[in-house]
Amino acid sequence: MTLFSVEGKTVVVTGGSRGIGRMIAQGFTEAGATVYITARKKDQLEEAAGALGCESVQADLSTREGVEAVHDLVAARHDRLDVLVNNAGAAWGAPLDDYPDSAFDKLWNINVKGVFALTQRFLPLLRKAATPEDPARVINIGSVDGIRTPAMESYAYSATKSAVHMLTRHLADRLAKESITVNAIAPGPFDSKMMSFVLDDPQARQMVADAVPLGRIGRPDDMAGTAIFLASRAGSYLTGTVIPVDGGITAHG
C-alpha cells in the first residue's frame, strides 16, 4: 500500500467545501494527509472542515488578497507544501446571443488566473518539498468540457477549462527540472453545485448517466482515487497529463 500512500503529506485543496473539491479533500484526509481547504463562503467552509476533520482558509482566489491569505496561513504552519490541488472554479451558461462579457471576466479570473497565481505563490514551499524521488505535486481540475464541445452553452467555462489544460502542460514543462509535477484531472459528470441543476432531477440524471459509456454518474472515490494516485509514489513519473475521469465520455466522442 505504500505505493499509493499520501500519509503525512501536506495538501491544499481549493474550493474544498463541496462537490469535487470536497471529494478530493475527504480522500486525502482519510488517507492520513494534513489537508487545508479553501472556499469563499464561511458557513459552508466551516461545516466542511468540521465534517472532514481538516483545516480551512476563507478566501476568494480570484483576488490577490485571497491568494495571499491562503499562502500566508499555510506558510505560517509549514515549511513545505507537498500537494496543491487547484479545484476552485465557476461556471456560466447562457444563450449565445445573450452571453455576457462579464462571464468571461469572472471565469477567467477564478478558473485560470487564480490557478496560475496560487501555484506561483506556493512555488517556494513546493520547491522545498520536491525531490527527484518524491516530487512535489500540482493537480489542476479541468473538465471534459475543455476537451470536447459541450452540449450546453457554457462558452466561457469550456474555454477556460481548455486553458487550464494548456496551462498544466506549460507549467509541467517548466517545473519538471525542479522535481515538481503538474497534472490535470478532467472530470465528467459528478454530483456538484455546477451539475445540480441537471442531476437533482431524477429523469435528467438518468439521461446523463445513460450518455456515459460506463452508465453512471461519477462517485467520490473515483475523483479522490485519481488525485491520490497523482500525489503518491505511483504517480511520480507523470507530468503534463490531462486525465479524463469521465466514464468513457471523451473516448466515445
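Only a predicted model underlies this, so the values are computations on that prediction, with no experimental measurement involved.

With numbering aligned to this structure, UniProt lists the feature "domain: Ketoreductase" (unreviewed entry) at residues 9–188. Between the C-alpha atoms that bound residues 9–188 the distance is 27 Å, and the span itself is 48% helix and 18% strand.

Here we take up a nonpolar patch on the surface. On the surface, Leu-96, Phe-104 and Tyr-155 cluster together to form a nonpolar patch covering roughly 280 Å² of accessible area. Positionally, Leu-96 belongs in the loop between strand S4 (83–86) and helix H4 (101–129).

Another point: the pattern of salt bridges. According to the stated counting rule, one finds twelve salt bridges in the structure shown. Among the salt bridges present, the one from Arg-77 reaches Glu-55, with a minimum N-O distance of 3.1 Å. Of the two residues, Arg-77 sits in helix H3 (residues 64–77) while Glu-55 sits in strand S3 (residues 55–58), which places them 22 residues apart along the sequence. Arg-77 gets classed as partly exposed once you look at its relative accessible area, which sits at 49%.

Inspection of the entire model under this criterion finds two aromatic pairs. An angle of 70° between the planes, with centres 5.7 Å apart, marks the rings of Tyr-99 and Phe-104 as edge-to-face. Residue Tyr-99 is classed as buried on the basis of its relative accessible area, which comes to 12%. When the centroid spacing of 5.2 Å and the interplanar angle of 90° are considered together, the rings of Tyr-99 and Tyr-155 count as edge-to-face. Here Tyr-99, found in the loop between S4 and H4, pairs with Tyr-155, found in helix H5 (residues 155–175); they are 56 residues apart in sequence, far enough to count as distant. On the basis of relative accessible area, Tyr-155 is assigned to the partly exposed category, the value being 30%. One aromatic cluster in this structure is built from Tyr-99, Phe-104 and Tyr-155.

Our focus in this paragraph is a positive patch on the surface. A cluster of basic residues, Arg-18, Arg-40, Lys-41, Lys-106 and Lys-193, forms a positive patch on the protein surface. Positionally, Lys-41 belongs in the loop between strand S2 (34–39) and helix H2 (42–52).

This part covers the side chain of His-71. With respect to the secondary-structure elements, His-71 resides in helix H3. A relative accessible area of 9% places His-71 in the buried class. With residues up to four places along the chain from it excluded, the contact list for His-71 reads Arg-121 and Phe-122.

In this structure, Val-12, Leu-61, Val-70, Phe-122, Leu-126 and Ile-180 are the most contacted members of the largest nonpolar core, which totals 38 residues. Mapped onto this core, the elements with two or more residues apiece are H3, H4, strand S5 (136–141), H5 and strand S6 (180–187). Of all the elements, H4 adds the most residues to this core, at twelve residues. Leave out the neighbours within four places in its chain, and Ile-180 touches Leu-123, Leu-126, Arg-127, Ala-130, Pro-135, Ala-136, Val-138, Leu-175 and Thr-239. With 29 residues, the next largest nonpolar core counts Ala-48, Leu-52, Val-85 and Ile-141 among its residues.

Cut-off values and rules
Residues numbered from 1 in each chain as written. Predicted model: local features only at pLDDT ≥ 70, side-chain atom pairs only at ≥ 80, totals over all residues. Heavy atoms only, no water. UniProt positions renumbered as here; feature names shortened; annotations may be inferred. Helix = DSSP H or I, 4+ residues; strand = E, 2+ residues; numbered from the N terminus. Patch = residues over 30% accessible without salt bridge, like charges linked within 9 Å, V, L, I, M, F, W, Y side chains within 5 Å. Areas by Shrake-Rupley, 256 points an atom, 1.4 Å probe, with all protein chains shown as cover. Salt bridge = Lys/Arg side-chain N within 4 Å of Asp/Glu carboxyl O. Buried < 20%, exposed > 50% of the residue type's maximum accessible area, 1.4 Å probe, protein only. Phe/Tyr/Trp six-rings, centres within 6.5 Å; stacked < 30°, edge-to-face > 60°. Lys, Arg positive; Asp, Glu negative; His and termini not counted. Charge placed at Lys NZ, Arg CZ, Asp CG, Glu CD. Contact = heavy atoms within 4.5 Å. Core = buried A, V, L, I, M, F, W, Y, C linked by side-chain atoms within 4.5 Å.

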